[in-house]
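Architecture and fold: a report
Each chain, written out:
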Number of protein chains: 2
Amino acid sequence: MAFSRFGQFLTQGSGIVQLMDDLGSAGDAGGDICMLGGGNPGAIGAMQDYFRNAMRTLLDDPARFDAVVGNYDSPHGDARFREALAALLRRTCGWDIGARNVAVTNGSQSTFFVLFNLFSGAYESGPERQILLPLTPEYIGYADAGLGREIFTANRPSIEPVGEDLFKYRVDLNALSVDDRIGAMCVSRPTNPTGNVLTDDEVDALRDTCRSQGIPLILDCAYGTPFPNIIFTDAKPVYDEDLVLCMSLSKLGLPGVRTGIVVAAEPIIRAIGAANAILSLAPGSFGPALMLDAIETGDIIALSNDVVRPFYHGKAFDTVAIMRQAFEGLPYRIHQPEGAIFLWVWFEGLPISSVELYRRLKARGVYVIAGEHFFPGLEADWPHKHECIRVSYAGDAGRVRQGVDIIGEEVRRAFA
Amino acid sequence: MAFSRFGQFLTQGSGIVQLMDDLGSAGDAGGDICMLGGGNPGAIGAMQDYFRNAMRTLLDDPARFDAVVGNYDSPHGDARFREALAALLRRTCGWDIGARNVAVTNGSQSTFFVLFNLFSGAYESGPERQILLPLTPEYIGYADAGLGREIFTANRPSIEPVGEDLFKYRVDLNALSVDDRIGAMCVSRPTNPTGNVLTDDEVDALRDTCRSQGIPLILDCAYGTPFPNIIFTDAKPVYDEDLVLCMSLSKLGLPGVRTGIVVAAEPIIRAIGAANAILSLAPGSFGPALMLDAIETGDIIALSNDVVRPFYHGKAFDTVAIMRQAFEGLPYRIHQPEGAIFLWVWFEGLPISSVELYRRLKARGVYVIAGEHFFPGLEADWPHKHECIRVSYAGDAGRVRQGVDIIGEEVRRAFA
C-alpha cells in the first residue's frame, strides 16, 4: 500500500511527532520516568478543584450539559463564549473588540496550521511568501505546518550574558529584513522553548516593521497575557487590527480539552471559521463550556495571576537552583527565566549534538527536547543550535530534581 | 492585508462552510427555525442520561478526571481506549486487531482530511492520484479536503425506482474504472446524504476491485456498524488490512466532543498519529474518557441497537409518511430509507436549482441542504444533481412536520 508524498512526509519523523510520542508513551508506561520533555502543564490543586467544580456546575444544568455534548458548536466557536471573551478583554485590557474578533479552534497547534498557510505560499500576485520568525529558537510545533513545504525564514538572536550563568536572547533588529517575500511575522511570548519574554520595546519595533510592510504580526500567547499569564517580567498585553493573538486554555491546566482562541481582525476570524468547518466541522465544545463562567466572572484572570503564575514562578527558580548544583563546573548557561514552563540550557562547546544527548538521557528514563528542533527556518549552520536542551519544570519536583541530576551526569560524561 | 491562495480558497465559500454556518447561526438564533439541514444528532433522553451518568462517574474519580483534562493524550489517542476498542471489535465482530490498529482523531472530518491526502496527489512514482467515489451523491464534507486541489473523481449511480414514490441508488459496477491514477476508493455506509446502505455484495465487489489494484477501500461508518449502527437493513460489519474504517462518537449523540476513530493497518495508524501531532498535537481526551466504560462493557453496542437505531428508524418512517402528505401530487421520489438520519428527496424536473430552493426555504426559516453539494468529483453535468435535497429528521418532530410542509409549499410554487 503506497502513500502519497504527503504520507511520506507524515511518516518520515519530525520533532513534534517525536515529542508527542514520547509524552504519550511515557504517560502510558508510568513507572520510573522523568518526563521533562513534553508540554503537559503542572498539576495545580487549586486549578484542578476549579475545573472539577466547573464540571459539576455544568452537570447541575442538564439542559446545558446536553447541549454541550449533543450539538456542534458554530465553526467559529460558541457565540456566548466568544461574546464573553470579547467583553473580558474589553474590560481588562481596554481593547476595542467584539465577538466578531474571536474564534475558537481545536488548540493552538490547529490555529498555527491555518494562520501560517493563510500568510505563506503562493499569492494572487507577487512572489511566494514565507513566515518570518524574527527570533529563534522558536516553538518546535511550528516547524511542520507547511506539511513538507519550507514556509519559514528565521533570524538568529543576539546573545547577552547575564551574571555568572544566565543569558538572554534579544531580537537582532538590525538583521531584520522584511520585503514582499514575507507574508507575516510570528513570535511566541513568552518564547517556547526558552522562557524569554520579548520586551515591550521589542514588540513595538516588530509591530512597526510589520505595519510598514502591511503584514500581520502573529503573537503566540499560549503561555502569555492576559491568561494564563505565566510571565515573571512586566509585559504589556497588546492588540490592534495588525496583530493576530493566539491564546489557549491548555496552560491553565486544560490541554485535554484542546481549546485554542484567536483574537484578530474580522477577515482572519472568518478564515479561521472556514478552516474549522473544512478541517473539523467545528471546534470541540467542552473547553469553552467549562471555562465560560470563569470568563464571564473574570475568575480566569485572577486564577492566572494568583494561582498559575506563582506556581510556575516558584518552580522556575527552584529548578534553577537545582541546576546550579547539578551542573557545577560545567560550561552551562540557563536562559533567564522570564515565563512559560521550561528552562533552556546552553552547554557551550558540548562535544555531542543535543540529539545525541536526548538519546542518552532517554535511555536513562529522562525525557528532554533536543535544542536543534527549535530553529525552524534557520538555514545557516550554527553550533549553538546543537548545544541546548529544553527542560520542563512543570512536573513533580522530585522527578525534576532526579532528571536534572541525570542530565548533569550525562553532560559531564560527554565533556569528559 | 492580503491572504495567500490557500486563504482565498478558505474564504470563497464552500458547501460545508455554509452548512456549518447555518447550523451555528440557527443554534445561536433559536426562535422559529426548522433546522433540517445540519448533522446534529437527535436528543435521545436515554442517551443523554447515559452521558450525564458517565460524566458523573468520571468526576467521582478525581484523579482520573484530573488526568483527562490535565494531560495531552498520545497523538494516536489514549492507550486504554484503543485497547478497549480493539478488544470490543475482536469480541463482537471477530476481527483480528489490536490497539496498534486503532487511532483517535478530532472527529471524522479531520480523519478524512488526512486519509484523502495520504492517498491522493503526487506519489514518489507514477502519475498523480485521485480518490474515487464509486457512488455519488456522497458526503458534502469530503469536497474540500484537497484545500483547493481537485482530488476526487466520481461515478454516477444507477437509479432503481422502488414502488410508487421511493428509489434506490446502486453502484454502477460496469462503469467502475480503476487504474494507477486512483489512490483509494471511499464510500460512506450508510451513505450521507441519501440513507442508502450499500449491500454486502456491493461492498464485496468494491473490496475485490481495490484489492486487485492494491489500493485501500475507505469505509466511512460514521452512521454505520458496529456503532451507532443506524442501519435499517442487514449490513455485515467487515474489516481486513485492505480496508480503512472510519468511525465516530458523534452520531451516538456526542458531536460536541469531536471524537473520530480509525481502524486500519498499522502504517496508516502511524500516519494518522503523526498527522494528529503536526495538526493538533493530540486528539481531545473527553470523548474517549466519557465512552471508555461503554466500550469496555460493550454497552455501546447495546445502546446502538436498542436505543439509537430504533429512535431513528421510527423517525425515518414517520417522516416519509409526513412527506407523502406534504408532497402529494408532486413529482417526488424519496431514497429508500435504509439508515443515517436524513431523507434524500428527488423532485424530478424541478424548474429551479436545488440551491435556489435552499435559498427560498432559508428565507422562510427552513434549513435543508441543496443536493448539488453532494457530488464531489462528478464533472459531467447531470440534471439530477440539481433536483434533490437532503432533509434531516433528527430534530423535534413538530419542527420536522412544519419544515416538510413548507418544503411542499415551495416546491409546489416552483412547479406552478
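Residues numbered from 1 in each chain as written. Chains lettered and ligands numbered in written order. Predicted model: local features only at pLDDT ≥ 70, side-chain atom pairs only at ≥ 80, totals over all residues.

A count of helices and strands for chain A gives 13 helices and 15 strands. For 416 residues, the compact-globule estimate of 2.2 N^0.38 gives 22 Å, and chain A sits close to it at 21 Å. With the C-alpha coordinates of chain A rotated into their principal frame, the extents come out at 65 × 55 × 55 Å. Expressed as a percentage of its 416 residues, the buried residues of chain A come to 58%. Of the contacts made within chain A by residues no fewer than 6 positions apart, 73% connect residues no fewer than 24 positions apart. (Helix = DSSP H or I, 4+ residues; strand = E, 2+ residues; numbered from the N terminus. Rg over C-alpha atoms; globule rule 2.2 N^0.38 Å. Buried ≥ 20, exposed ≤ 12 C-beta atoms within 10 Å, placed from the backbone. Contact = placed C-beta atoms within 7 Å.)

This part covers the domain arrangement of chain A. Residues and elements named next belong to chain A. Entries for chain A in the domain assignment read domain 1 (5–47 + 303–415) and domain 2 (71–300). On a C-alpha basis, the centres of domain 1 and domain 2 stand 23 Å from each other. Sorting the residues of the side of domain 1 that touches domain 2 by element identifies α1 (5–11), α2 (15–29), α11 (299–326), β11 (332–335) and β12 (342–347) as the ones contributing at least two each. The element that contributes the greatest number of residues to the side of domain 1 that touches domain 2 is α11, accounting for 9 residues. Residue composition of the side of domain 1 that touches domain 2, by class: 26 nonpolar, 12 polar and 6 charged. (Domains from an automatic or database assignment. Nonpolar A, V, L, I, M, F, W, Y, C, P; charged D, E, K, R; others polar.)

Bringing the nonpolar core into the picture now. Counting residues in each nonpolar core, the largest one holds 296 residues, and the members touching the most others are A:M185, A:V244, A:V345, A:V368, B:V244, B:V345 and B:V368. Setting aside residues no more than four positions away along its own chain, A:M185 makes contact with A:L132, A:P134, A:L206, A:C210, A:I215, A:L217 and A:I218. (Core = buried A, V, L, I, M, F, W, Y, C linked by C-beta atoms within 7 Å.)

What follows is about the relation of the copies chain B and chain A. Structural alignment of chain B on chain A gives an RMSD of 0.0 Å, achieved by rotating through 180 degrees and translating 0.0 Å along the axis. Taken together, these values place the two copies in the relation of a two-fold axis. (Least-squares fit on C-alpha atoms with pLDDT ≥ 70 in both.)

What follows is about the sheet that holds strand β7 (residues 182–188) of chain B. All names here are of chain B. The mixed open sheet is built from 7 strands, whose spatial order is β2-β10-β9-β8-β7-β3-β4. Among the strands making up the open sheet, the edge pair consists of β2 (102–105) and β4 (152–154). The average angle at which neighbouring strand axes cross in this sheet is 25 degrees, direction not considered. Note: strand β9 (residues 243–248) against strand β10 (residues 260–263), 4 bridges, orientation antiparallel. Within β10, the position partnered with L245 by the bridge is V263. Of the strands in this sheet, β2 and β10 are in contact with helix α5 (residues 79–93), which crosses β2 at around 125 degrees. (Pairing = 2+ DSSP bridges. Axes fitted to C-alpha atoms, helices over the stretch in contact; angles between N-to-C directions.)

All names here are of chain A. Taken in spatial order, the 6 strands make up an open sheet running β5-β6-β11-β12-β15-β14, and their pairing is mixed. Either end of the sheet is taken by a strand with one partner, and the two such strands are β5 (158–162) and β14 (369–370). Those strands touched by α11 are β11 and β12, and its axis lies near 25 degrees from that of β12.

Our focus in this paragraph is the interface of chain B and chain A. Contact residues are listed per partner, giving 83 residues for chain B and 82 residues for chain A. Elements with a minimum of two residues in the side of chain B that touches chain A: α1 (5–11), α2 (15–29), α3 (45–59), α4 (62–70), α6 (108–118) and α9 (266–280) of chain B. Split into classes, the residues belonging to the side of chain B that touches chain A amount to 41 nonpolar, 30 polar and 12 charged.

The interhelical angle for the contact between helix α4 (residues 62–70) of chain A and α3(B), taken along N-to-C directions, is 95 degrees, at an axis separation of 10 Å. As the angle between them shows, α4(A) and α3(B) are arranged roughly perpendicular. Along its contact with α4(A), which presents A:P62, A:F65, A:D66, A:V69 and A:G70, the element α3(B) presents B:Q48, B:F51 and B:R52. Here the residues of the contact of α4(A) with α3(B) are counted per class, giving 4 nonpolar, 2 polar and 2 charged. (Parallel < 35°, antiparallel > 145°, perpendicular 65-115°, else oblique.)

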